[in-house]
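# Observations on chain architecture
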Amino acid sequence: TMSASVEVSTSGGVPESAMPVDLTQQANAAGEEAADEEAVEEELTEVTLVVTCGDGVYMTAEGCDDGNLDDGDGCDANCTVEAGYTCDNQVSFESTCSIPTEATIQFENGVTSYPSVDENSTLALVVERLGDNSTTCSVGFTTVDSDATANATRNNDYTPGNAPAASGDYESQAGTLFFDVGDTRMSISVKVLNDETYDGAADETFVVRLQDSDCALVGGGATLDAYVEIRDANPAPTAAPTAMPSSSPTTEGPTAAPSPVPTLSPTTSDPTAMPSLEPTSSPTELPTSSPTPLPSSFPSIACGDVTTRLTTFDDSSLEYVVTNRTSGDAVATGTTTWIAWLCLTQGCYELNATASGDWIMSAGDQRAVVATGSALVDFCVDASGDLVSFPA
């Protein structure tokens, strides 16, 4: 009778797909995945975050939202900032628009989002001065990584073996714009690169930041950010089924040699003595084979191509706790200095975040929350893990 005991050294679940499998099981799984690929794509549905112009709830898809559809008040009937106005926009709050009197710097027409910029292109971001232009004015600018990065070594989320990509997602820029007397418009050029790497289903984002201005920045802050979303030019890799192992062994097994029959050799001249049994040669030993060692590590498993994520800037630290609003249970906690994926099931949650700098919460191409420091956010996600609402 044999007995064995199992000691659990690490609590928690391990995805089945991250466990080692034999070749046959692995090949069958890959073959089924390739065969079902078309059916799976047909089952996918796209959920869009609803943005309503004129409801007084500004979202980043709008230029402004002052709670009405009137023209001539700084925010027109299409929720676009009107020429000569500046609008103070905070996500989920009503925009406040006015004509500045002092020299004020902003991105052209108050735009803070540049969606669907193609790879291998150059983006020109226009910066304008409103109000007083009778003096000189300067403003610094720099690019900041988000989930898009200028670093080729860091741009490896989807490369085989996490090797560096052919390039970063864009070329980093930094400098200063100088407005002379009477100047009202200047521009910043940023090259968006083709990294020759699939970057996932969601557009990646980086930030162009205005800072260190000796004129006022719209909104009254020390910095002003515009978000650039990159549309990937590289197709998703296709899964090819692994070849089935042959039913016949690739190495010929050893031939079993029978042990020789022992001979009867008398050990004494006494005819009454019993003979001893001595084999004339040692039996042939069959060779032993060592099992193939398991790999020391397995690829990390992502929780989905499009899901809610938290992203920090400039390597600032973000500590977060996500609580289910129905059960009161904490479902995600952690600390990150770049990206934290919130793999959430359908439902409503509360995010309690504490950060040392700027951060955003987003899903896919949605820019849901932009914040600095600590924030408490109520939000809901659908069955795909995408943001769908911000309940009161």
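Rules used in this analysis
- Residues numbered from 1 in each chain as written.
- Predicted model: local features only at pLDDT ≥ 70, side-chain atom pairs only at ≥ 80, totals over all residues.
- Heavy atoms only, no water.
- Core = buried A, V, L, I, M, F, W, Y, C linked by side-chain atoms within 4.5 Å.
- Buried < 20%, exposed > 50% of the residue type's maximum accessible area, 1.4 Å probe, protein only.
- Helix = DSSP H or I, 4+ residues; strand = E, 2+ residues; numbered from the N terminus.
- Contact = heavy atoms within 4.5 Å.
- Pairing = 2+ DSSP bridges.
- Disulfide = S-S within 2.5 Å.
- Axes fitted to C-alpha atoms, helices over the stretch in contact; angles between N-to-C directions.
- Phe/Tyr/Trp six-rings, centres within 6.5 Å; stacked < 30°, edge-to-face > 60°.
- Polar contact = N/O pair within 3.5 Å; in protein donor to acceptor, adjacent residues only side chain to side chain.
- pLDDT = per-residue confidence, 0-100.
- Salt bridge = Lys/Arg side-chain N within 4 Å of Asp/Glu carboxyl O.

In terms of nonpolar packing, the biggest core is built from 28 residues, with I105, F107, L125, F206 and L210 touching the most fellow members. Looking at this core element by element, the count peaks at four residues for strand β11 (residues 223–231). For L210, the contacting residues outside a window of four places in its chain are I105, F107, V127, V139, G140, F141, I188, L217, A222, T223 and L224. Ranked by size, the runner-up nonpolar core spans 22 residues in total, among them Y320, M361, V369 and F379.

It is a general feature of regular strands that their side chains alternate between the two faces of the sheet. The element strand β5 (residues 121–130) is extensively covered by neighbouring structure, given that seven of its 10 residues are classed as buried. Here strand β3 (residues 104–107) pairs with β5 via four bridges, running antiparallel. The partner of T104 across the bridge, within β5, is L130. Two strands pair when backbone bridges link them, and β5 and strand β8 (residues 185–192) are joined in this way by eight bridges, in the antiparallel orientation. Bridging across to β8, E128 finds its partner in R185.

Right, let's get into unusual backbone geometry. For N109, which is not glycine, the phi dihedral falls at a positive 60°. Locating N109 in the fold gives a position in the loop between β3 and β4 (113–118).

Here we come to the state of the cysteines. Joining two cysteines, a disulfide is a covalent bond between their sulfur atoms. Taken as a whole and assessed by the stated rule, the structure comprises five disulfides. One disulfide in the model links C53 with C79; its S-S distance is 2.1 Å. Note on the C53 and C79 pair: the S-S dihedral is about 100°, so by sign convention the disulfide is right-handed. Placement of the pair is C53 in the loop between α2 (37–43) and β1 (86–88) and C79 in the loop between α2 and β1, with a sequence separation of 26 residues. The class for C53 is partly exposed, based on a relative accessible area of 27%. For C79, a relative accessible area of 2% corresponds to the buried category.

With that settled, consider the sheet that holds β3. Pairing in this open sheet of four strands is mixed, and the strands run β8-β5-β3-β10 from one edge to the other. Each edge of the open sheet carries a strand with a single partner, namely β8 and β10 (216–217).

Strand order in the open sheet formed by five strands is β4-β11-β9-β6-β7, with mixed pairing between adjacent strands. Two strands bound the open sheet, and with one partner strand each, they are β4 and β7 (174–179). Looking at each pair of strands side by side, their axes are set apart by 25° on average, direction ignored. Pairing between strand β9 (residues 204–211) and β11: eight bridges, direction antiparallel. Considered in β11, the bridge of T205 is made with E229.

Moving on to the packing of aromatic side chains. Counted under the stated rule, the structure contains three aromatic pairs. Judged by centre distance (3.9 Å) and plane angle (10°), the ring pair of Y170 and F206 falls under stacked. Of this pair, Y170 sits in the loop between β6 (137–145) and β7 while F206 sits in strand β9, and the two are 36 residues apart along the sequence. Exposure remark for F206: the relative accessible area of 0% places this residue in the buried category.

We now examine the side chain of T323. Here T323 is to be found in strand β15 (residues 318–324). Ignoring anything within four residues of it in the chain, the contact list for T323 reads G328, D329, A330, C348, Y349 and E350.

Relative to the assigned elements, W359 resides in strand β19 (residues 358–363). Classification of W359 by relative accessible area gives buried; the value is 0%. The sequence separation of W359 and L318 amounts to 41 residues, and the corresponding C-alpha distance is 7.8 Å. At 2.8 Å, the side chain of W359 forms a polar contact with the backbone oxygen of G373.

Right, let's talk about the confidence of the model for the protein for a bit. Of the residues in the protein, 69% reach a pLDDT of 70 or more, and the chain-wide mean stands at 77. Here residues 263–268 is modelled with pLDDT under 50, and outside its nearest four sequence neighbours on either side it reaches 11 contacts, counting other chains as well. Low confidence marks residues 286–302, where pLDDT is under 50. Its contacts with residues over four positions away, or in another chain, come to eight contacts.

Going through the model one piece at a time under the given rule, you end up with four salt bridges. Of the charged contacts in the structure, one is a salt bridge between E108 and R185, with a shortest N-O distance of 2.4 Å. Separated by 77 residues along the polypeptide, E108 in the loop between β3 and β4 and R185 in strand β8 bring together distant segments of the chain. Linking D358 and R209 is a salt bridge whose minimum nitrogen-to-oxygen distance equals 2.9 Å. Linking D358 in strand β19 with R209 in strand β9, this pair joins segments that are 149 residues apart in sequence. D358 sits in the buried class, given a relative accessible area of 17%. A residue is classified by how much of its surface remains accessible, and R209, at 6% relative accessible area, is buried. One salt-bridge network, in which partners are shared between bridges, spans R209, D225 and D358.

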